[in-house]
Amino acid sequence: MSTPRITRRVFTCAAAVAAASLAAPALRAQTKPEKSRIAIAVGGKAGFYYLPLTIAEQLGYFKAEGLEVEISDFAGGARALQALMGGSADVVSGAFEHTINMQSKNQFIQSIVLLGRAPQIAMGVSTKTMPGYKSLADLRGKKIGVSAPGSSTNMMANLLLARAGVKPAEVSFIGVGTSAGALTALRAGQIDAMSNIDPVMTMLEQKGDIKIISDTRTLKGTQEVFGGPMPAACLYAQAEFVQKNPNTCQALANAIVHGLKWLQTAGPSDIIKTVPESYLLGDRGLYLASFNKVREAIALDGMLPDDAVKTALRALASFEPTVRPEKIDLAKTYTNEFARRAKDKFKA
């Protein structure tokens, strides 16, 4: 009498395994990456938003996984995305929201490992050109600096403005990058407000050049702005690339998760010794103050929470009419399979 039940269990388990293999990219028998030379595009590499990428590169974690990476730095995430879609990059280190935005245009890209668990973007107004600022409505007709038009910093500004009834066409967005150029643009009065990442925003804030009006550099601030957890930077690639190169994607995830684990115990002096001198923007003290502000926003294990993905879709749909939630298949925007294996490997 017990045999049929056992048989059913065997078939049930076999079916579950088969379903799982269809749902996630399967690693091939060999562990060697299918593609050992990888071109990675990033928009503003010196920002803390992409710190795990820099750590993995500087400490040789990509090489340890059998990868030779060439990282090209662009003015903003939108430009990095263009490099991917144009074929000059294999992978992008960029904002997760792009995976949703592109799917709404029938282009499928997929996140393979998470770098940040909060956007780390702050928005502020110039104390020089807008000393009498009172509300977001005051930004109507003003010039707003973003890393690059169409990037996550631009999306964040659009979200905040939409809540105040200000349409994107009612302001002027100006690309200023994420480093020294952004500092200069704000201080020279070329822009009236800015949506950007650290260390730039903390440096402007501490010098009194800017008044912060919205902040997602902390988990608490992110919850207040988005009403839930919001993913930030990730490594993403075209879905076809992920399917054809699972071992390469695993190697990339391993390197990033290794970097995330290192960051969990790294002290300020460790960070200073590891990042290029140019990242400090001439002020070590302020750079470290910036790092302390965003530290908790860095991902812990590369896994992308399901509820965070839903928050991202909700946020995008609130100001981007082309993004219709009912038309988006969130399961196709990310996979946690690579991060899960990397997490097990490094006990992250």
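Structural data are supplied above this passage.
On a predicted model such as this, the values are computed, not experimentally measured, just so you know.

Trainee: Describe the packing of aromatic side chains, listing the residues and the values that go with them.
Mentor: Tallied over the entire structure, the rule returns four aromatic pairs. Seen in terms of ring centroids, F96 and Y334 are 6.5 Å apart; in terms of plane orientation they differ by 80°. Their pairing is edge-to-face. Here the residue F96 occupies a position in the loop between β3 (91-95) and α5 (97-103), and Y334 occupies one in the loop between α14 (306-319) and α15 (337-346), the gap between them amounting to 238 residues. Accessibility expressed as a relative area gives 15% for Y334, which makes it buried. Among the aromatic side chains, those forming a connected cluster through ring pairs are F48, Y287 and F291.

Trainee: Describe in detail the side chain of T248, supporting the description with residues and values.
Mentor: Relative to the elements of secondary structure, T248 occurs in helix α11 (residues 246-265). Judged by relative accessible area, which is 0%, T248 ranks as buried. The residues touching T248, leaving out its near neighbours within four places in the chain, are P33, E34, K35, I38, L67 and F241.

Trainee: Quick one: what's the story with the pattern of salt bridges, residue by residue and with numbers?
Mentor: A complete count under the given rule lists 16 salt bridges for this structure. For E68, the salt bridge is made with R37, and the minimal N-O distance between the two is 3.2 Å. Taken together, the residues span a long stretch of sequence, with E68 in strand β2 (residues 68-74) and R37 in strand β1 (residues 37-43) at a distance of 31 residues. Overall, the relative accessible area of 57% leaves R37 in the exposed class. Notably, a salt bridge pairs K293 with E205, separated by 2.8 Å at the nearest N-O pair. Of this pair, K293 sits in helix α13 (residues 284-294) while E205 sits in helix α8 (residues 200-206), placing them 88 residues apart in sequence. What makes K293 partly exposed here is its relative accessible area of 30%.

Cut-offs and rules
- Residues numbered from 1 in each chain as written.
- Predicted model: local features only at pLDDT ≥ 70, side-chain atom pairs only at ≥ 80, totals over all residues.
- Heavy atoms only, no water.
- Phe/Tyr/Trp six-rings, centres within 6.5 Å; stacked < 30°, edge-to-face > 60°.
- Helix = DSSP H or I, 4+ residues; strand = E, 2+ residues; numbered from the N terminus.
- Buried < 20%, exposed > 50% of the residue type's maximum accessible area, 1.4 Å probe, protein only.
- Contact = heavy atoms within 4.5 Å.
- Salt bridge = Lys/Arg side-chain N within 4 Å of Asp/Glu carboxyl O.

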